[in-house]
Amino acid sequence: MHWIKRIVDEILARNDPQIVIHTGKTPSGPIHIGAEREQFICSAIQRELKNRGYESIFNFIIDSYDPLKSIPVGLEIPKGFEENIGRPLSQVPDPYGCHESYAVHFSEEFIQYQDELGVNPNIIYAHELYRRKEMKNAIRIVLKNLELIKEIRNKYIGNEEDWNPVMVVCENCGKIASKEKEVSPNKLDWWNLDRDLAKYRCLVCGYEGIGRISDLQLKLSWRVDWAAKWAIFNVSCEPAGKDHCVKGGAYDMALEVCSKLFGYKGPLKVPYEWLTLGGKAMKTHKGITFTPKEWLEIAPPEAMRFMILNVDPMRHIEFLPERIPDIVDGFDRLERIYFGLEKLSSEENFQYYKDLYELCIMSNIPSRPPIRLPYRYCIIMVQLENLLEMEKILKKTIDYLKKLSGVQPSNEDIEDAKRRLKMAKRWLELYAPENIKFKISMEKPIYRPSQEEKEFIRSLILLIERDLSENELQNEIFNTARAYGLEVGRAFSIIYKIILGSDKGPRLAPLLMALDRDWLLSRLKSVL
């Protein structure tokens with residue numbers, strides 16, 4: 001059983017009158033694909049619920065009211081922009097001048113790709129949510145029950161006499177927190193709920209302000225904020241990182257606050273492990289990111305869903321851009337299994353793969369198996385532009401698709417192939433290891449084969465003239481090399497020297513099949 005089914009079973013066991021799924025993110029800079037793990041878990045839960053006949057609401061909370069704590073490494077900013085540290089992200093100007101705020105810029109940069117990735121949540125900005133009466137009432141509840149909430153906090157974090165979870169944006173300098181070594185929020189120091197009044201002193205500029213609770217810009221500290229949102233929206237399930245979900249951690253404290261202060265039991269806790277980039281935790285403030293935009297430039301969206309949803313949430317995922325061909329191959333194999341085009345090993349479970357494929361595909365399940373151009377073939381084809389014109393590359397691509405399936409590829413198949421060629425070209429430019437790259441030498445080969453090697457080359461010419469499949473050609477080259485007493489590595493090296501002017505190259509059979517046959521035959525014959 002896929003792990004999503006287990007989570008959905010637990011959600012349904014709650015018997016909530018309405019199923020609400022939540023996730024959230026602070027737009028402190030470019031939002032990386034690690035955030036997609038949470039998005040995809042929620043998306044998959046919603047799909048499984050729908051398959052069982054249950055409607056649900058999926059909300060994505062943008063924590064735009066959090067303070068700007070630092071400038072992410074590598075972010076280009078105008079002179080003096082650091083003065084905005086301590087302001088709510090929704091009130092920090094967009095450093096690029098194209099959105100209404102810093103928060104909206106980096107949120108929209110992430111949100112705009114979610115539909116393409118098969119994720120369709122309701123977007124809720126926290127700075128707008130805090131204007132609503134529900135959040136103002138939650139703040140009043142917190143102030144009324146401050147001693148109780150302090151008792152709860154002391155169990156999880158420890159005693160702090162002057163702690164107050166209600167933060168305030170200064171009316172004078174516009175900051176919600178000061179930042180020296182650590183972030184210190186502005187807090188209320190007096191309030192009267194009967195008169196709906198509150199007073200504060202700004203830690204940044206020293207301004208002393210007083211105003212109505214309904215008018216002041218107030219915010220709850222994050223664990224209490226979390227609990228208030230759960231209660232306001234009656235959240236059924238919210239995934240969260242493993243650090244928050246440990247026993248006695250932030251999630252447990254928020255659950256207790258939610259229950260004892262706001263009278264709601266809180267959501268089902270779904271912990272997940274990190275998705276790291278080359279072994280390093282992705283952190284926006286350190287500039288260690290890989291964004292959805294960067295992914296979609298080099299790989300299909302289904303492949304990202306496959307990479308994440310194929311792994312139990314509590315297993316770590318290590319992502320390397322160099323591994324994109326393997327990840328895309330993995331999705332393509334999943335699709336072939338789903339349509340019965342590839343057999344499973346005795347240890348593999350078809351139902352698991354069926355469920356996984358249906359979670360990975362973007363919208364409706366195709367009525368017939370799509371004909372996918374293998375990513376590794378794309379990698380070879382896009383490196384032949386100095387030899388073949390793009391028109392010829394596309395013609396060879398369509399012929400290859402036809403050979404793969406035995407049927408005429410549809411327009412959708414051809415467009416998908418074009419997208420993959422474009423992605424592979426970008427991947428080669430940015431992330432491909434050097435041993436993957438090659439360039440066809442346009443000069444006449446200088447290699448002079450021995451008599452025995454010439455016989456091998458003549459036999460290779462005969463193989464190329466036959467209409468063999470990729471696997472058949474690869475196997476026949478092995479057999480032919482052995483028949484002439486050539487070590488296989490030596491035989492391959494001979495062919496690479498003739499074609500590339502180098503000892504090494506990509507997998508041989510796909511390269512030979514990608515080349516123009518007349519050019520290839522002429523090239524091989526030129527050394528005889």
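Treat the numbers as computed from the prediction; the structure is a model and nothing was measured.

Here is what the cut-offs are and how they apply
- Residues numbered from 1 in each chain as written.
- Predicted model: local features only at pLDDT ≥ 70, side-chain atom pairs only at ≥ 80, totals over all residues.
- Heavy atoms only, no water.
- Helix = DSSP H or I, 4+ residues; strand = E, 2+ residues; numbered from the N terminus.
- Contact = heavy atoms within 4.5 Å.
- Areas by Shrake-Rupley, 256 points an atom, 1.4 Å probe, with all protein chains shown as cover.
- Lys, Arg positive; Asp, Glu negative; His and termini not counted.
- Charge placed at Lys NZ, Arg CZ, Asp CG, Glu CD.
- Buried < 20%, exposed > 50% of the residue type's maximum accessible area, 1.4 Å probe, protein only.
- Expected span 1.5 Å × (residues − 1).
- Right-handed = clockwise from strand over helix to strand, strands pointing away.
- Pairing = 2+ DSSP bridges.
- Axes fitted to C-alpha atoms, helices over the stretch in contact; angles between N-to-C directions.
- Phe/Tyr/Trp six-rings, centres within 6.5 Å; stacked < 30°, edge-to-face > 60°.
- Lys NZ or Arg CZ within 6 Å of the ring centre and 35° of its normal.
- Parallel < 35°, antiparallel > 145°, perpendicular 65-115°, else oblique.

A. Up close: the overall build of the protein. Along its length, the protein carries 21 helices and 15 strands. The C-alpha extent of the protein, read off along each of the three principal axes, is 100 × 55 × 40 Å. Contacts spanning at least 24 positions in sequence make up 71% of the contacts within the protein whose residues lie at least 6 apart. Put simply, the protein shows about 24,800 Å² of open surface, and 47% of that area lies on carbon and sulfur atoms. Computing the positive centroid from 76 side-chain charges and the negative centroid from 77, the protein places the two 1 Å apart.

B. Up close: unusual backbone geometry. The backbone of N15 shows a phi angle near 60°, a positive value even though the residue is not glycine. Among the secondary structure elements, N15 is positioned in the loop between α1 (3-13) and β1 (19-25). In this structure, N234 takes a positive phi of about 50° despite not being glycine. Looking at where N234 falls in the secondary structure, it is placed in the loop between α7 (222-233) and β11 (237-241). Residue classification places N234 among the partly exposed residues on the basis of a relative accessible area of 39%.

C. Broad picture of helix α12 (residues 324-338). Helix length check: α12, at 15 residues, gives a terminal C-alpha distance of 21 Å against a target of 21 Å (1.5 Å per residue), a fit within 8%. Along α12, the residues classified as buried are I324, P325, I327, V328, G330, F331, D332, L334, E335, I337 and Y338. Where α12 is buried, its residues touch α10 (292-298), α11 (301-309), β15 (317-319), α13 (350-360), α14 (375-381) and α16 (411-430). Looking at the residues trailing α12, positive phi occurs at G340, about 75°.

D. Expanded view of the pairing of strand β2 (residues 56-62). With six of seven residues buried, β2 is to be regarded as a mostly interior element. Regarding topology, helix α2 (residues 34-51) serves as the crossover connection from β1 to the parallel β2, and that connection is right-handed. Relative to strand β3 (residues 122-125), β2 is paired through four bridges, and the arrangement is parallel. Note on β3: the bridge partner recorded for I61 is I124. With respect to chirality, the unit in which β2 leads through helix α3 (residues 102-111) into the neighbouring parallel β3 is right-handed.

E. Structural context of the sheet that holds strand β7 (residues 188-192). A sheet is described by the order of its strands in space; here three strands give the open sequence β7-β8-β9, paired in antiparallel fashion. At either end of the open sheet lies a strand with only one pairing partner, and these are β7 and β9 (208-212). Recorded for the sheet is a direction-independent mean angle of 15° between the axes of neighbouring strands.

F. Region of interest: the packing of aromatic side chains. Taken as a whole and judged by the stated rule, the model has 20 aromatic pairs. Ring centres 5.1 Å apart and planes at 65° place the aromatic pair F290 and F319 in the edge-to-face group. Taken together, the residues span a long stretch of sequence, with F290 in the loop between β14 (280-281) and α10 and F319 in strand β15 at a distance of 29 residues. Comparing F290 with F319, the two get one shared label, buried. Relative to F339, the ring of Y338 lies with its centre 5.1 Å away and its plane at 80°, an arrangement referred to as edge-to-face. The class of F339 is partly exposed, set by a relative accessible area of 22%. By the ring-pair criterion, three or more aromatic residues cluster together here, those being W222, W226, W230 and Y251. We note R305 situated over the ring of F40; from NZ or CZ to the ring centre the distance is 4.9 Å.

G. Broad picture of the side chain of T397. Assignment of secondary structure puts T397 in helix α15 (residues 390-405). In this structure T397 comes out as buried when scored by relative accessible area, which is 2%. The contacts of T397, once residues within four sequence positions are left out, are L373, Y377, M381, A417 and L421.

H. A look at the packing of α11 against α12. Orientation of α11 relative to α12, taken along the N-to-C sense of each, is 90°, at an axis distance of 9 Å. One finds that α11 runs roughly perpendicular with respect to α12. In this structure, α11 uses E302, A303, F306 and M307 to contact α12, whose residues at the interface are I327, V328, G330, F331 and L334.

Just distances and angles here, no functional claims.
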